[in-house]
Amino acid sequence: MSVKIRLARGGAKKKPFYQIVVADERCPRDGRYIENLGQYNPLVEPKMIALNEERALAWLNKGAQPSETVRQILRQEGVWEKFTQKPVA
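Treat the numbers as computed from the prediction; the structure is a model and nothing was measured. (Residues numbered from 1 in each chain as written. Predicted model: local features only at pLDDT ≥ 70, side-chain atom pairs only at ≥ 80, totals over all residues. Heavy atoms only, no water.)

1. Description of the packing of aromatic side chains
- The full count for this structure, using the stated rule, is 2 aromatic pairs.
- Ring geometry for Trp80 versus Phe83: centroids 5.3 Å apart, planes at 50°, classification tilted. Taken together, the residues Trp80 and Phe83, both in helix H3 (residues 79–84) and 3 residues apart, mark about one turn of the helix.
- On the basis of relative accessible area, Trp80 is assigned to the buried category, the value being 15%.
- Owing to a relative accessible area of 25%, Phe83 belongs among the partly exposed residues under this scheme. (Phe/Tyr/Trp six-rings, centres within 6.5 Å; stacked < 30°, edge-to-face > 60°. Helix = DSSP H or I, 4+ residues; strand = E, 2+ residues; numbered from the N terminus. Buried < 20%, exposed > 50% of the residue type's maximum accessible area, 1.4 Å probe, protein only.)

Right under this line is the structure:
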């Protein structure tokens, strides 16, 4: 089972908002997911991002693979840098 961190679409036609979720890659985009990590709304200015950084880091450390869009969101929030930093020995 491959676990992905990806966006699940919600909202009305031409007014999308997204949930950042952890899901099995075989599940549909808006289908069943394992955990909800936050929300993303690209329509408001500035773009609204609400993310549980602690849980996102935990899933990344467990091996979950983010989609390209989610990776960009993680970079904006500073989570990706925390994940990629290696401890200095």
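2. Observations regarding the side chain of Arg71
- Considering the arrangement of structural elements, one finds Arg71 in helix H2 (residues 68–77).
- For Arg71, a relative accessible area of 16% corresponds to the buried category.
- Not counting residues up to four positions away in its chain, the partners in contact with Arg71 are Pro66 and Trp80. (Contact = heavy atoms within 4.5 Å.)

3. Comments concerning helix H1 (residues 53–62)
- Those residues of H1 that sit buried are Ala56, Trp59 and Leu60. Down the axis of H1, the buried side of the element spans an arc of 100°, and every buried residue falls inside it. In H1, the exposed residues that point more than 90 degrees away from the buried face are Glu54, Asn61 and Lys62.
- After H1 finishes, the residue Gly63 shows a positive phi value of roughly 110°. (Arc of directions from axis to C-beta.)

4. Things to note about unusual backbone geometry
- Omega for the peptide link from Glu45 to Pro46 comes to 0°, which places this bond in the cis form.
- The residue Pro46 is located in the loop between strand E3 (35–41) and strand E4 (48–51) in this model.
- A positive phi is found at Lys14, a non-glycine position, where the angle reads about 65°.
- Tracing the sequence through the fold places Lys14 in the loop between strand E1 (3–12) and strand E2 (15–24).
- Given a relative accessible area of 72%, Lys14 falls into the exposed group.

5. Quick word on the nonpolar core
- Grouped together as the largest cluster of nonpolar side chains are 19 residues, with contacts concentrated most on Ile5, Ile20, Leu37, Leu51 and Leu74.
- Looking at this core, the elements with two or more residues in it are E1, E2, E3, E4, H1, H2 and H3.
- Once residues within four sequence positions are removed from consideration, Leu37 is found in contact with Ile5, Ile20, Val21, Val22, Ala50, Leu51, Asn52, Arg55, Ala56 and Trp59. (Core = buried A, V, L, I, M, F, W, Y, C linked by side-chain atoms within 4.5 Å.)

The values reported here are purely geometric and, on their own, carry no functional implication.
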